[in-house]
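Structural overview for review
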Amino acid sequence: KKFFSSGLTAMEKKLAEYKCNTNEAIQLKLVRFPEDLEDDNTTFNPEYSHQVFGDDEVAFGYKGLKILLYYIAGNLSTLFRIEYTSKVNEKFDCVEADDVESKIREIIPPGFCTNTDDFVSLLEKEVNFKPFGMLLHTYSVHNEEAGEDITYQIYKADMTCPGFREYHERLQTFLMWFIETASFIDVDDERWNYFLVFEKYNKDGATLFATVGYMTVYNYYVYPDKTRPRVSQMLILPPFQGEGHGAQLLETVHRYYMSSPTVLDITAEDPSENYVKLRDFVLAKLCQDLLCFSPGKLMQGFSQEMVMEAQQKLKINKQHTRRVYEILRLRATDMGDAEQSRSYRLDIKRRLIGPYKKKQRELAKMRRCLRPEELTNQLNQIDLNMQHEQLEESFQQLVSDYRRVLERLAQA
């Protein structure tokens with residue numbers, strides 16, 4: 001150990017000082033007023049930068065590295081600048097600094113500003129920016145800080161809207177910083193729908209619009225004459241997170257497709273944990289008023305009627321309907337009552353055990369190929385004990401997730 005610590009040469013120590021965490025170095029802003037540029041409170045950082053800077057999320061070769069990516073709040077015109085206090089050069093034992101600029105240029109579209117003056121003069125034109133597409137929904141949220149209600153609007157846009165293609169290219173760059181497995185989509189495929197959230201705000205007596213977030217949905221074809229929209233990406237920008245915009249957006253998208261007779265149901269591609277929580281809340285909120293989800297019916301168990309009604313009226317698919325049933329049944333169940341709570345537990349565990357049973361069958365097949373002496377009864381026993389523990393754990397986890405959804409429903 002001692003040998004190792006003295007093995008760090010002065011050179012290596014010096015080079016270590018030239019490593020920067022890219023999640024901290026990247027500074028993002030959504031700018032409404034010139035003074036926002038100097039205001040640290042309007043700055044936010046990425047959650048992820050591994051897609052651009054590699055798994056360790058480090059840029060080498062700079063001290064005090066700042067990667068400024070500032071966006072005008074509405075149309076997202078971009079200012080991109082790199083600042084640092086010092087940079088390694090060839091004198092440093094032939095090491096080269098990472099080419100940070102070209103890495104960022106790969107994900108942001110061309111046509112950005114590189115100096116503040118140009119950016120500020122673009123900011124003056126922002127008053128001309130209007131949302132794209134068709135207005136679907138308007139809602140307001142009370143803002144404590146401002147002491148007033150703020151109005152938000154949700155629009156459905158597509159690539160035929162003038163200027164939308166370029167705007168979307170700027171918007172999607174945020175995915176890289178906030179969605180772990182983000183990728184850019186093929187916008188020339190006409191089966192994409194885009195849903196956008198904007199905030200209305202005032203500036204010098206005029207009404208302006210700021211980008212809050214968006215969702216992309218792909219319309220899959222289902223034989224013979226239906227489509228199955230699949231939510232692909234959804235992002236509420238960090239300054240607006242935690243204000244309920246995700247729920248407004250998802251509910252609006254459901255309502256948009258509900259009116260279409262050709263839509264079968266809505267699914268999601270590889271949903272994150274947060275998205276599942278959001279969806280649980282929105283779908284439970286939509287379903288709680290359906291007759292088939294009345295407390296009496298919930299206590300009788302999951303039914304085909306629930307599947308049919310949720311799909312026909314609300315475009316909710318079977319798997320999600322089952323989760324909604326479990327959430328709403330929990331609300332209708334007195335968990336202090338031994339009989340009711342046992343019945344609920346069994347009902348959920350019966351669903352949870354499905355994948356385990358499938359695994360058991362696969363194991364049984366494998367075992368037929370092994371020599372009998374390699375297998376003892378113990379193996380089966382270990383499996384069962386583990387299975388019960390895992391089942392109980394899964395059950396407890398679900399119930400605590402469901403309770404959070406019910407708390408949110410109670411406040412809605």
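As the structure is a computational prediction, the values presented were derived from the model and not from experiment.

Parameters and conventions
Residues numbered from 1 in each chain as written. Predicted model: local features only at pLDDT ≥ 70, side-chain atom pairs only at ≥ 80, totals over all residues. Heavy atoms only, no water. Phe/Tyr/Trp six-rings, centres within 6.5 Å; stacked < 30°, edge-to-face > 60°. Helix = DSSP H or I, 4+ residues; strand = E, 2+ residues; numbered from the N terminus. Buried < 20%, exposed > 50% of the residue type's maximum accessible area, 1.4 Å probe, protein only. Pairing = 2+ DSSP bridges. Contact = heavy atoms within 4.5 Å. Axes fitted to C-alpha atoms, helices over the stretch in contact; angles between N-to-C directions. UniProt positions renumbered as here; feature names shortened; annotations may be inferred. Polar contact = N/O pair within 3.5 Å; in protein donor to acceptor, adjacent residues only side chain to side chain.

**Some thoughts on the packing of aromatic side chains**
- For the structure shown, the criterion picks out 22 aromatic pairs.
- Between F129 and Y167, the ring centres sit 6.0 Å apart and the planes meet at 25 degrees, which makes this aromatic pair stacked. Of this pair, F129 sits in the loop between α6 (116-124) and β9 (134-143) while Y167 sits in helix α7 (residues 164-171), placing them 38 residues apart in sequence. For the pair F129 and Y167, a shared accessibility class is recorded, and that class is buried.
- When the centroid spacing of 5.6 Å and the interplanar angle of 65 degrees are considered together, the rings of F195 and Y256 count as edge-to-face. Of the two residues, F195 sits in strand β11 (residues 192-203) while Y256 sits in helix α9 (residues 245-258), which places them 61 residues apart along the sequence.
- F195 sits in the buried class, given a relative accessible area of 0%.

**Here's the deal with the sheet that holds strand β2 (residues 26-31)**
- Within the open sheet, the four strands sit side by side as β3-β2-β6-β7. Their pairing is mixed. With one partner strand each, in any of the chains shown, β3 (43-44) and β7 (78-83) form the two edges of the open sheet.
- With six bridges connecting them, strand β6 (residues 66-72) and β7 associate as antiparallel partners. Note that in β7 the partner of L68 across the bridge is R81.
- Against the sheet, α6 touches β2, β6 and β7, its axis set at about 20 degrees to β6.

**Overview of the UniProt feature "site: Interaction with histone H4 N-terminus" (unreviewed entry) in the chain**
- As annotated by UniProt and renumbered to match this structure, "site: Interaction with histone H4 N-terminus" (unreviewed entry) occupies W192.
- Mapped onto the elements, W192 comes out in strand β11.
- For W192, a relative accessible area of 11% translates into the label buried.
- Among all residues touching W192, those that are not within four sequence positions of it are I185, D186, T216, V217, Y218 and S232.
- One polar contact links the side chain of W192 to the main-chain carbonyl oxygen of D186, over a distance of 3.3 Å.

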